[in-house]
Amino acid sequence: MSHRPIYLDSHSTTPMDERVLEAMLPYFTERFGNPSSLSHAYGWEAETAVRQARQILADAIHATPEEIVFTSGATEANNLVIKGVAEAYFSKGRHIITVETEHHAVLDPCRYLQTLGFEVTFLPVQQDGLINLVELEQAIRADTILVSVMAANNEIGVLHPLAEIGAICRQHQVLFHTDAAQAIGKMSIDVQAMRIDLMSLTAHKVYGPKGIGSLYVRRRHPRVQLAPQIQGGGQERGMRSGTLYTPQIVGFAKAVELGIQEQESDSQRLLQLRQRLWNAISPLGGIHLNGHPERRLSGNLNISVEGVDGSALLLGLQSVVAVSSGSACSSVNLAPSHVLLALGHSQQLAHASVRFGIGRFNTAVEIDQVAQQVITTINCLRQAHSAVFQVV
Ligand SMILES: *Cc1c(COP(=O)(O)O)cnc(C)c1O
């Protein structure tokens, strides 16, 4: 294989842990049964595996197995929540509250609902990337049916105060959904203590396989109603039809189980690596840390750089390190990230940004190599920039 750059893009996806692959392998071949085929041993084997995985995932978030609905990932889970709640509760109200810095898998279904006559409040964020809880409470109306605030932001890594938001929603009897795609397996989440009613998860951000995720749907206090968006065989108690993908489900549970077992040690290590990277780069000056300095995912470092062109910066880095500028989507269409603009950044600073996503398999040696390349590239671009100015 040709030489590839160091992978520091863990918020877009992660490599699968070997232990996850090992758990999945038998379910592709010898244990291939359909978990809904309950008339023979092939189905029983698969059903047992799915049942155990469901229990592991439920335990991980303090839910019951009946409250876990498997989906193809967090995008589908978010669509199911937003459209499914809108459809089930529209006679109660047609107002939804979310945040400007959410993932597009929340924002776009909300914008779609606006075209159907729903009203959506997109809350702004403060300079640190967090919402103002007083503003959230003031935004709740008699016809509000859902509040959707993500657990951990995929660009700047900030962690929203789920327990406080849950308490506000419960007090006003509004359903609380959180997109926890970036948070699961990296921090403790307790749907009871945090009063979460609906929660989207995905496996591939936590060293599991792509194409599998889940939606937590509360069954008691209150029992959440959800209109299905995919109908058919009636799997997942009618909320999401389609044959269950046994190997992916087994891998998802294994990945989350490992994430929780190794959460303490992993996050300590990632914090040290992030600090190492920041300590090396920040003396350059003109480097802004995006998002709250402490309330963030331990593996996330998002910076904006003064005095350089954003595309030139990424170009200078790409042979050594695989990173994103803003979100993965916005680096394709080259529009500055909606999240960085929401922080109040200028177009230049929003554009000249780098998101480092440090993961379980990164080493200190890699971090040092990346830091060196970042320093060289920024110095080089800034010198070229000032040389042009001198000529003019
Ligand atoms: C990655 C991500 C998604 C999309 O998840 P998929 O499983 O890839 O569909 C949604 N929300 C957040 C916050 C994410 O980071």
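### Quick notes on the pairing of strand S12 (residues 353-357)
- S12 sits mainly inside the fold: five of its five residues count as buried.
- The alternating pattern of S12 places Ser-353, Arg-355 and Gly-357 on one face and Val-354 and Phe-356 on the opposite face, and all of these are buried.
- Note that strand S10 (residues 300-305) and S12 share five bridges and pair antiparallel. Residue pairing across strands places Ser-304 opposite Ser-353, the latter belonging to S12.

### A short note on helix H9 (residues 310-317)
- The complete set of buried residues in H9 reads Gly-310, Leu-313 and Leu-317. End-on view of H9: buried residues confined to an arc of 60°, all on one side of the axis.
- One side-chain oxygen of the residue at the start of H9 lies 3.3 Å from the amide nitrogen of Ser-311, identifying that residue as Asp-309.

### Some details on the pattern of salt bridges
- Enumeration over the complete set of coordinates arrives at 14 salt bridges.
- Residue Asp-17 pairs with Arg-19 through a salt bridge whose shortest N-O separation is 2.9 Å.
- Take Asp-17: its relative accessible area is 3%, and that puts it in the buried class.
- Between Arg-141 and Asp-143 there is a salt bridge whose closest N-O contact spans 2.9 Å.
- A residue is classified by how much of its surface remains accessible, and Arg-141, at 32% relative accessible area, is partly exposed.
- Assessed through its relative accessible area of 24%, Asp-143 is described here as partly exposed.
- Through salt bridges with shared partners, one network takes in Asp-17, Arg-19, Glu-262, Asp-266 and Arg-360.

### Quick notes on the domain arrangement of the protein chain
- In terms of domains, the protein chain is made up of domain 1 (6-14 + 263-391) and domain 2 (19-261).
- Once you take the C-alpha centre of each, domain 1 and domain 2 turn out to be 29 Å apart.
- Contact residues are listed per partner, giving 25 residues for domain 1 and 37 residues for domain 2.
- Linking domain 1 with domain 2 are zero salt bridges.
- Remark: the boundary between domain 1 and domain 2 carries 17 residue pairs in polar contact (both at pLDDT 80 or more).
- Mapped onto the side of domain 1 that touches domain 2, the elements with two or more residues apiece are S10 and helix H11 (338-342).
- With four residues, H11 is the single largest residue contributor to the side of domain 1 that touches domain 2.
- Residues of the side of domain 1 that touches domain 2, tallied by class, amount to six nonpolar, 15 polar and four charged.

Reading the values: rules and limits
- Residues numbered from 1 in each chain as written.
- Predicted model: local features only at pLDDT ≥ 70, side-chain atom pairs only at ≥ 80, totals over all residues.
- Heavy atoms only, no water.
- Buried < 20%, exposed > 50% of the residue type's maximum accessible area, 1.4 Å probe, protein only.
- Helix = DSSP H or I, 4+ residues; strand = E, 2+ residues; numbered from the N terminus.
- Pairing = 2+ DSSP bridges.
- Arc of directions from axis to C-beta.
- Polar contact = N/O pair within 3.5 Å; in protein donor to acceptor, adjacent residues only side chain to side chain.
- Salt bridge = Lys/Arg side-chain N within 4 Å of Asp/Glu carboxyl O.
- Domains from an automatic or database assignment.
- Contact = heavy atoms within 4.5 Å.
- Nonpolar A, V, L, I, M, F, W, Y, C, P; charged D, E, K, R; others polar.

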